[in-house]
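# Coordinate inspection notes
Here is how the chains run, residue by residue.
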Amino acid sequence: DKSTIAFSVGFTDTRVQASQLQVFDKIYVRDYPAVDRLKLMHKNVVYCPDAAFGLEVNKVNGKKLWKEYFVGRDLYEKRVAVVCNSHLVTGGGEILSRDALRFQVFANDLANIMDHTNASFMMVPFGCASPWDDRVANGWVGSQCKWFRKNVTVYDALSVQNTMDVLGAADVVVSMRYHATVFSVLGGVPFLDIYHHDKNRSFLKTLGLESWGISYWDFSRERAKEIIDMQLAGGVGESHMVELRDRERGLLREGVDGIRFNK
């Protein structure tokens, strides 16, 4: 049985051709829009959630890490984890000047939201190696904040488990990376997804949470603040997030025979 898992098949990706897919007996895809697209090119395409849904979040460890990183700073009752995407800062020398300026405007807008929100913010990196080092993007946003004592930028390269736990111990996650949004769902935490790529937007459609997303290229400070305030005020119950997590986890277990992670 020749199967493949196609992680990202964007709406605008014209490289995928029907003739290339016929070598496979079955194709697993992690979002419904991609399933619909590939079904036009292959007879056996199945939805299967991201393998990360097989992981478990340790909120106790996450709360411990929040306290450790905020020693000497002001840790508020409400906590927001932020994951900025370094791909939007540097394109390995290929980024357009207008796009570099776009990130500066965005950073100022996000910093303004952080200054005017009654919560502590932790800037959490996913990529920690050049040229895709999220600590650069996170630090850029953090440096624009006036009320810096209630914020912290993490410069350690966190393990996958600690990253999940930190996000799971937050009240809201502001995500610019696909797996930051996945980890939010794993932790039962509401989020704001600032998407710049098809895969994040498709994931929101799969979850039925399109209203929790804003395009990076058409970012609205007012709309983003509105979503974050709603989430912090308890606009979405944790039970709904847990229901979504359990649904995706169940579909993952039904769709594959077994999941193995390399240590």
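The preceding data block contains the structure.
The sections below set out a description of the structure shown in this document. (Residues numbered from 1 in each chain as written. Predicted model: local features only at pLDDT ≥ 70, side-chain atom pairs only at ≥ 80, totals over all residues. Heavy atoms only, no water.)

### Observations regarding the environment of Q231
- When you line up the elements, Q231 lands in helix α9 (residues 221–232).
- Taking the C-alpha atoms as reference, Q231 lies 9.7 Å from W212; in sequence the two are 19 residues apart.
- Setting aside anything within four residues of it in sequence, one finds Q231 in contact with V172, P190, F191, W212 and V236. (Helix = DSSP H or I, 4+ residues; strand = E, 2+ residues; numbered from the N terminus. Contact = heavy atoms within 4.5 Å.)

### Points about the nonpolar core
- Core analysis: the biggest nonpolar cluster contains 40 residues, and W66, M122, V124, L167, V182, V185 and F191 have the highest contact counts within it.
- The set of elements that each furnish at least two residues to this core consists of α3 (59–69), β4 (79–83), α6 (160–168), α7 (178–186), β10 (191–195), α8 (198–207) and α10 (238–255).
- With 6 residues, the top contributor of residues to this core is α7.
- When near neighbours in sequence (up to four residues on either side) are disregarded, W66 contacts L75, R79, V80, A81, S120, M122, V166, A169 and A170. (Core = buried A, V, L, I, M, F, W, Y, C linked by side-chain atoms within 4.5 Å. Buried < 20%, exposed > 50% of the residue type's maximum accessible area, 1.4 Å probe, protein only.)

### Brief notes about the packing of aromatic side chains
- Applying the stated rule across the entire model yields 11 aromatic pairs.
- Taken together, a centroid distance of 5.3 Å and an interplanar angle of 65° make the contact between F106 and Y216 edge-to-face. Residue F106 is located in helix α4 (residues 97–115), and its partner Y216 is located in the loop between β11 (213–215) and α9; the two are separated by 110 residues in the primary sequence.
- You can call F106 buried: its relative accessible area is 0%.
- By relative accessible area, Y216 is classed as buried at 0%.
- Each residue in the set F103, F106, W140, Y216, W217 and F219 is aromatic and connected to the rest through ring pairs, giving one cluster.
- The ring of Y178 carries the charged tip of R30 above its face, separated from the ring centre by 3.9 Å. (Phe/Tyr/Trp six-rings, centres within 6.5 Å; stacked < 30°, edge-to-face > 60°. Lys NZ or Arg CZ within 6 Å of the ring centre and 35° of its normal.)

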